[in-house]
Amino acid sequence: VGAKVDTIHKVNERGEPFRTFKETKAHCKAYIEEIMSRTERSMSVPNLHTLQEIFDDYVEKRGVLLAPNSLTKHKGDMKHITAHFKKRRIDSITPGEILNFVTGLREKQAYSTTRSVLATMAKVWKYAYEVGIIDRDTYIEIFVDTTTKVRVPKVAKDRQAKKKQPEVYTTAQIETFCSLAKQMGTVYYILILLCYYGGLRLSEAMGMQWQDVNWETGKITVHRQLVYDKNCHTTHIGPTKSKVDREFQAPPTLLSALSEWKVEQEQHRKEQGHNYLANEVLEDRVDGGIVKGGAFVLRDECGELITHSKAGHFREHMQQQSGDHFYYHALRHTVVSRLAGAGVPLKNVSAFIGHSDTRTTEMFYLGLDELGENKLAAAIQNL
């Protein structure tokens, strides 16, 4: 009937944990009987034909079995589906049309998004089979049989990336971003510098701690990242994407800004005392244990850790104020293109940003930078 152990309540109606196995068994029995009654009522579904009608009925009859985040995801996926198939009858849609739909969607959306949409379609088709709108063989052929079922084409990602030129910022754009970040707060200025001068991913910059900075040698170690689990809506400390630490020589601009920010951060901590909000509790899946109020570089003036949510709001603000398409990964693209344009060997550039394969750096990161364009113009003049 679709019931899972983790969906069954762990407490009784009074909010107390079950004391005996008999009490737990009785609660589970009542829960399953309720689900069975809902299922029986859903077996008589008149005049349901279009995808949206079937999905709405599925939510009404089976929504109790779905987690809130799963239901929200399915509703978002249905917008892609209904926009393409309109008000088509579900029994008139062929496997070939579904394959063409997911292939076209993959050209525009991420692989994970397309896979999620396909999973939602499978839910809708399965429900349509259960209530008798389509036959069993149709559902099996499209979504179950390993030889005929529709799959998301993974190669579309590489094909799309080859067509799209990596976005690279100019010197003027970088200066604008830094100026706007300072207005928002010094911590956001430091975030921009880490992603640009260090070529860090956003999650790696958020996970950086002060012990990662060697003030004597001027080198910074990338040891961890801050990971947001979308399924559990929790944040934890995890290893880098490559699962390997890397070290880079920080330029004077970055080191100077970090040194000043460290002093300022300590002043905020002393001035605010107990009101300083460095009290988050994070599971450390790199070094083990629990970290409470760790020595993270990216804390705002109140002591709050810069998380993915705060970074997202800052990104939206930057786009509105600058008028440019701003996203953190383009700062990595920019530093890669600048280093390559300056003549640094591609293998060294790949090691600098944490790539084990130079083909990844060349295909997805290397864009047209103004430094390279100037060198090209000068070379043409000397022909």
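Data block above holds the structure.
This report concerns the structure included in the present document. (Residues numbered from 1 in each chain as written. Predicted model: local features only at pLDDT ≥ 70, side-chain atom pairs only at ≥ 80, totals over all residues. Heavy atoms only, no water.)

**A few points about the pattern of salt bridges**
Piece 1. Enumeration according to the criterion identifies twelve salt bridges in this entry.
Piece 2. Lysine 61 is paired through a salt bridge with aspartate 57; the nearest N and O atoms lie 3.4 Å apart. Residue lysine 61 and its partner aspartate 57 are located together in helix H2 (residues 51-62), separated by four residues, close to a single helical turn. This pair shows no difference in class: lysine 61 is buried, exactly as aspartate 57 is.
Piece 3. Here arginine 62 and glutamate 130 are joined by a salt bridge, their closest N and O atoms 2.9 Å apart. Taken together, the positions of arginine 62 in helix H2 and glutamate 130 in helix H5 (residues 111-130) put the pair 68 residues apart, joining distant regions of the chain.
Piece 4. Relative accessible area serves as the criterion here: at 13%, arginine 62 is assigned to the buried category.
Piece 5. The exposure class of glutamate 130 is partly exposed, given its relative accessible area of 26%.
Piece 6. Through salt bridges with shared partners, one network takes in Arg201, Glu204 and Arg246. (Salt bridge = Lys/Arg side-chain N within 4 Å of Asp/Glu carboxyl O. Helix = DSSP H or I, 4+ residues; strand = E, 2+ residues; numbered from the N terminus. Buried < 20%, exposed > 50% of the residue type's maximum accessible area, 1.4 Å probe, protein only.)

**Topic: the environment of methionine 121**
Piece 1. Tracing the sequence through the fold places methionine 121 in helix H5.
Piece 2. Relative accessible area serves as the criterion here: at 0%, methionine 121 is assigned to the buried category.
Piece 3. Other than its neighbours up to four places away in sequence, methionine 121 contacts Ile81, Phe85, Ile98, Phe101 and Phe143. (Contact = heavy atoms within 4.5 Å.)

**Things to note about the sheet that holds strand S2 (residues 219-222)**
Piece 1. With respect to topology, three strands assemble into an open sheet ordered S1-S2-S5, the strand pairing being antiparallel. With one partner strand each, in any of the chains shown, strand S1 (213-214) and strand S5 (246-249) form the two edges of the open sheet. (Pairing = 2+ DSSP bridges.)

**Focus: helix H4 (residues 95-108)**
Piece 1. With 14 residues, H4 extends 20 Å from end C-alpha to end C-alpha; this agrees with the ideal 20 Å at 1.5 Å per step.
Piece 2. Among the residues making up H4, those that are buried are Ile98, Phe101, Val102, Leu105 and Arg106. Along the axis of H4, the buried residues cluster in a sector spanning 130 degrees; they form a single face. (Expected span 1.5 Å × (residues − 1). Arc of directions from axis to C-beta.)

**What about the pairing of S2?**
Piece 1. With burial as the criterion, only one face of S2 is covered, namely that bearing Ile220 and Val222; the residues Lys219 and Thr221 on the opposite face remain uncovered.
Piece 2. With two bridges joining them, S1 and S2 adopt antiparallel strand pairing. In the sheet register, valine 213 faces S2, and the bridge partner there is isoleucine 220.
Piece 3. As consecutive antiparallel partners, S1 and S2 are separated by four residues, and within that stretch glycine 218 has a phi angle of approximately 80 degrees, a positive value.
Piece 4. As judged from the four bridges shared by S2 and S5, these two strands associate in the antiparallel manner. Paired with valine 222 across the two strands is arginine 246, which belongs to S5.

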